[in-house]
Amino acid sequence: MFRIGNGYDVHRFEKGRKLIIGGVDIEYGLGLAGHSDADVLIHAVADALLGAAAFGDIGKHFPPTDPQYKNADSLLLLEKVVTLLEQNGFSVGNIDTIIIAERPKLSIYTDKMRENISRICKISTDRVSVKATTEEGLGLGGEGIGAHCSALILENSKEKSEK
């Protein structure tokens, strides 16, 4: 059985923070504000996977009020989401993402982002799509970065029937 989930995240720029997107440290004068490392792409992926399994959202599992997640590496949070899926008889089928940013230009980083997501989700890179676009000066207006994700998960019927 297939299940589909959607995820979305957005963070505003903030001075004095690293810019990390898709687990890639990007050279830029601003980072993103957030409790964890504010990796909008990985947060959108985690939300899409959790949503596909009907397990709530990233805030439910990693609350921004919990000090253990202060400056947390979002790739580690995604790893926990994938483990949760596996423990409940699911596996990741594919991931399709879009990063929305007026600046910086991100296309040179998308291959590494795909590699990071595929490694954590235990799927090949040909099942992970990372695209970057602008909003032509509309929407976020260059004040932050957003990301959307659609994810397909597979219900492993043998594992589900044993639970």
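Coordinates for the structure precede this section.
Below or above, wherever it landed, is the structure these notes cover. (Residues numbered from 1 in each chain as written. Predicted model: local features only at pLDDT ≥ 70, side-chain atom pairs only at ≥ 80, totals over all residues. Heavy atoms only, no water.)

**Points about the overall build of the protein chain**
Each helix and strand counted, the protein chain has five helices and seven strands in total. Listed by position from the N terminus, the elements making up the protein chain come as β-β-β-β-α-α-α-β-α-β-β-α. Here the C-alpha coordinates of the protein chain stretch approximately 50 × 35 × 25 Å along the principal axes. Out of the 163 residues in the protein chain, the part that is buried amounts to 47%. Relative to all contacts within the protein chain whose residues are 6 or more apart in sequence, the contacts with residues 24 or more apart total 75%. Roughly 8200 Å² of accessible area belongs to the protein chain as shown, and the carbon and sulfur atoms make up 51% of that amount. (Helix = DSSP H or I, 4+ residues; strand = E, 2+ residues; numbered from the N terminus. Buried < 20%, exposed > 50% of the residue type's maximum accessible area, 1.4 Å probe, protein only. Contact = heavy atoms within 4.5 Å. Areas by Shrake-Rupley, 256 points an atom, 1.4 Å probe, with all protein chains shown as cover.)

**Description of the side chain of Asp47**
When you line up the elements, Asp47 lands in helix H1 (residues 40–52). Buried and without a salt bridge, Asp47 has Lys60 as its closest oppositely charged side chain, separated by 11 Å. Residues contacting Asp47, with those up to four places away along its chain left out, are Asn6, Gly7, Tyr8, Asp57 and Ile58. (Lys, Arg positive; Asp, Glu negative; His and termini not counted. Salt bridge = Lys/Arg side-chain N within 4 Å of Asp/Glu carboxyl O.)

**A few points about the sheet that holds strand E6 (residues 128–133)**
Spatially, the five strands line up as an open sheet ordered E4-E1-E7-E5-E6, and their pairing is mixed. In the strand order of this sheet, the two ends are held by strand E4 (31–32) and E6, each with one partner. Of the strand pairs in this sheet, strand E1 (residues 2–14) and E4 are connected by two bridges, and their pairing is antiparallel. By the bridge assignment, Glu14 is partnered in E4 with Gly31. Sheet strands in contact with H1 are E1, E4, strand E5 (90–100), E6 and strand E7 (144–155), and its direction is about 150 degrees off that of E1. Sitting on the sheet, helix H4 (residues 110–121) touches E5 and E6, and the angle it makes with E6 is about 145 degrees. (Pairing = 2+ DSSP bridges. Axes fitted to C-alpha atoms, helices over the stretch in contact; angles between N-to-C directions.)

**Some words on the pattern of salt bridges**
Evaluation of the coordinates by the stated rule reveals five salt bridges. Note that Lys112 and Glu115 form a salt bridge whose closest N and O atoms lie 4.0 Å from each other. One end of the pair is Lys112 and the other is Glu115, both in helix H4 and three residues apart, which spans about a single turn. Classification of Lys112 by relative accessible area gives partly exposed; the value is 42%. With a relative accessible area of 41%, Glu115 lands in the partly exposed category.

**Brief notes about unusual backbone geometry**
With an omega of -10 degrees, the peptide bond running from Arg103 to Pro104 counts as cis. Looking at the secondary structure, you find Pro104 in the loop between E5 and H4. One non-glycine residue with positive phi stands out, namely Ala54, at about 60 degrees. Residue placement: Ala54 occurs in the loop between H1 and helix H2 (58–61). If you check the backbone angles, Asn71 has positive phi at about 60 degrees while not being a glycine. Within the fold, Asn71 resides in the loop between H2 and helix H3 (74–87).

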